[in-house]
Amino acid sequence: PLSPPGPTPPGTTPRRLLMRSLSLLLLAVGSVAQSDEAAAASTATALQRACADAGVANASALLAHARKLHNGDDGRSTKQPAEAAPLYAAIAAANSTSLVSLDDACAAATALGHMYLQGDGVQRDGERAYDLFQRAAAFGAPEAQYALGVLHAAGFNAPKDTPLAMTFFHFAAEGGSVGAQLALGYRHLLGVDAPKDCGKALLYYSPVAERVVSSAQRLRGGKLLEKVRLSLDTPLGGGGKRGADDDVIQYYEHSARKGSVDAQLTLAHLNLHGARGLVPDHARAFEFYSRAAAAGEAAAAGVAVAAAD
């Protein structure tokens, strides 16, 4: 530690005082730099140790391993969130080193934030969750921005601040967050904390709809899904195709029971809006959103709250 400067010796010139001050400043900067280097070395060592213990080669592989532990590897193995948490922490902490990409560090911090928010494998800590989301959001991580938007919109573990929430939703949606796109689409469609504007609602809902269709096509082995135009006269897409709709719904329900998060999200959307011949059922939509959120799908967490309301 640096000691405070003593009394100025008699006859000291302003130039000498300036040089003395600069010397003290350089010593202080050097001390901080050494401290930062030591911290970076420590986090790098911790990350390398975690990689060695997990039997993986690098931080990206360690992140994939942590996700498998956290989510249960698509339902084929038991979830182990308590084992995933320290791996996420090691990756997020090493963001200042060359061992971790910024995307991986942000993804780990966001995942760990959700764990602390929900008490999933760790002691619930809202402040720690908010800090992790904030750190990732500062680097432009869409899902972290969306999480902050949800917290500020609800006043949960953060001050209720609608303009700030909408700002986070906007940037998260621009970054591709499905949850944020749904949140803004819903708000513009119904005029909730935003101007009622069907055109803007369509802009936010369209990429989500395309993603649902793409996911459904993957589940069906690449077969194309028929797109049906809805209208006031035929709000369910017309008649004569109920049997085909039943087959699609049964397929989604079978996949959802097998643990498919995409199928759970699709069924949640269909039940929420009453599409594919289904009557709008918010309780069932909430059930599927909750199951997807429990499986680690961040996009479902905020929408589940809206469905519950």
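For clarity, every value in this text was computed on a predicted model and none was experimentally measured. (Residues numbered from 1 in each chain as written. Predicted model: local features only at pLDDT ≥ 70, side-chain atom pairs only at ≥ 80, totals over all residues. Heavy atoms only, no water.)

Novice: Looking at this structure, I do not really get the overall build of the protein chain. What am I missing?
Specialist: Check the secondary structure of the protein chain and you find 13 helices and zero strands. Counting from the amino terminus, helix and strand elements in the protein chain follow one another as α-α-α-α-α-α-α-α-α-α-α-α-α. Counting the 309 residues in the protein chain, one finds 38% classified as buried. (Helix = DSSP H or I, 4+ residues; strand = E, 2+ residues; numbered from the N terminus. Buried < 20%, exposed > 50% of the residue type's maximum accessible area, 1.4 Å probe, protein only.)

Novice: Before we go on, may I ask you to explain the side chain of T97 in this structure?
Specialist: Mapped onto the secondary structure, T97 falls in the loop between α3 (81-93) and α4 (102-118). Judged by relative accessible area, T97 falls into the buried class, the value being 14%. Among the polar contacts listed, one links the side chain of T97 to the backbone oxygen of A94, at a separation of 2.8 Å. (Polar contact = N/O pair within 3.5 Å; in protein donor to acceptor, adjacent residues only side chain to side chain.)

Novice: What am I meant to see in a nonpolar patch on the surface here?
Specialist: A cluster of nonpolar side chains, Y186, L189, L190 and V192, forms an exposed patch at the surface whose accessible area comes to about 290 Å². The exposure class of V192 is partly exposed, given its relative accessible area of 30%. (Patch = residues over 30% accessible without salt bridge, like charges linked within 9 Å, V, L, I, M, F, W, Y side chains within 5 Å. Areas by Shrake-Rupley, 256 points an atom, 1.4 Å probe, with all protein chains shown as cover. Salt bridge = Lys/Arg side-chain N within 4 Å of Asp/Glu carboxyl O.)

Novice: Looking at this structure, I do not really get helix α7 (residues 162-174). What am I missing?
Specialist: Between the first and last C-alpha of α7 there are 18 Å, a value that for 13 residues agrees with the 18 Å anticipated at 1.5 Å per step. Turning to α7, its buried residues are A165, M166, F168, F169, A172 and A173. Here the buried residues of α7 occupy an arc of 160° about the axis, which is enough to place them on one side. Opposite the buried face of α7, by more than 90 degrees, sit the exposed residues P163 and E174. The N-terminus of α7 is capped by D161, whose side-chain oxygen sits 3.1 Å from the backbone nitrogen of L164. Where α7 terminates, the next one or two residues include G176, which has phi positive at roughly 105°. (Expected span 1.5 Å × (residues − 1). Arc of directions from axis to C-beta.)

Novice: Looking at this structure, I do not really get the environment of K200. What am I missing?
Specialist: For K200, the location among the structural elements is in helix α9 (residues 198-219). Here K200 falls in the partly exposed class, since its relative accessible area comes to 39%. Placed 11 residues apart in sequence, K200 and L189 show a C-alpha to C-alpha distance of 7.8 Å.

Novice: What exactly am I supposed to notice about the pattern of salt bridges here?
Specialist: Applying the stated criterion across every chain yields a total of four salt bridges. Of the charged contacts in the structure, one is a salt bridge between R284 and E253, with a shortest N-O distance of 3.1 Å. Placement of R284 in helix α12 (residues 282-294) and of E253 in helix α10 (residues 242-257) is noted, with a sequence separation of 31 residues between them. One salt bridge in this structure joins R284 and E287, with 3.7 Å as the shortest N-O distance. With R284 and E287 both in helix α12, this residue pair falls three residues apart, about one helical turn. Here R284 falls in the partly exposed class, since its relative accessible area comes to 28%. Here the salt bridges share partners, and the residues they tie into one network are E253, R284, E287 and R291.

Novice: Teacher, can you tell me more about unusual backbone geometry here?
Specialist: If a residue is not glycine, its phi is most likely negative; likewise, a peptide bond is most likely trans. One non-glycine residue, N157, adopts positive backbone phi at about 60°. When you line up the elements, N157 lands in the loop between α6 (142-154) and α7. Non-glycine residue D193 carries a positive phi angle of around 60°. You can see D193 is positioned in the loop between α8 (178-190) and α9.

Novice: Hey, could you run me through the side chain of Q145 in this one?
Specialist: Note that Q145 resides in helix α6. Discounting chain neighbours no more than four positions away, the residues touching Q145 are A137, G140, F168, F171 and A172. (Contact = heavy atoms within 4.5 Å.)

Novice: What am I meant to see in the packing of aromatic side chains here?
Specialist: Within a pair of aromatic rings, the relevant descriptors are the distance that separates the centres and the angle that separates the planes. According to the stated counting rule, one finds one aromatic pair in the structure shown. Ring geometry for Y146 versus F169: centroids 5.9 Å apart, planes at 40°, classification tilted. One end of the pair, Y146, is in helix α6; the other, F169, is in helix α7, with 23 residues separating them in the sequence. Look at Y146 and you get buried, because its relative accessible area is 3%. For F169, a relative accessible area of 2% puts it in the buried group. (Phe/Tyr/Trp six-rings, centres within 6.5 Å; stacked < 30°, edge-to-face > 60°.)

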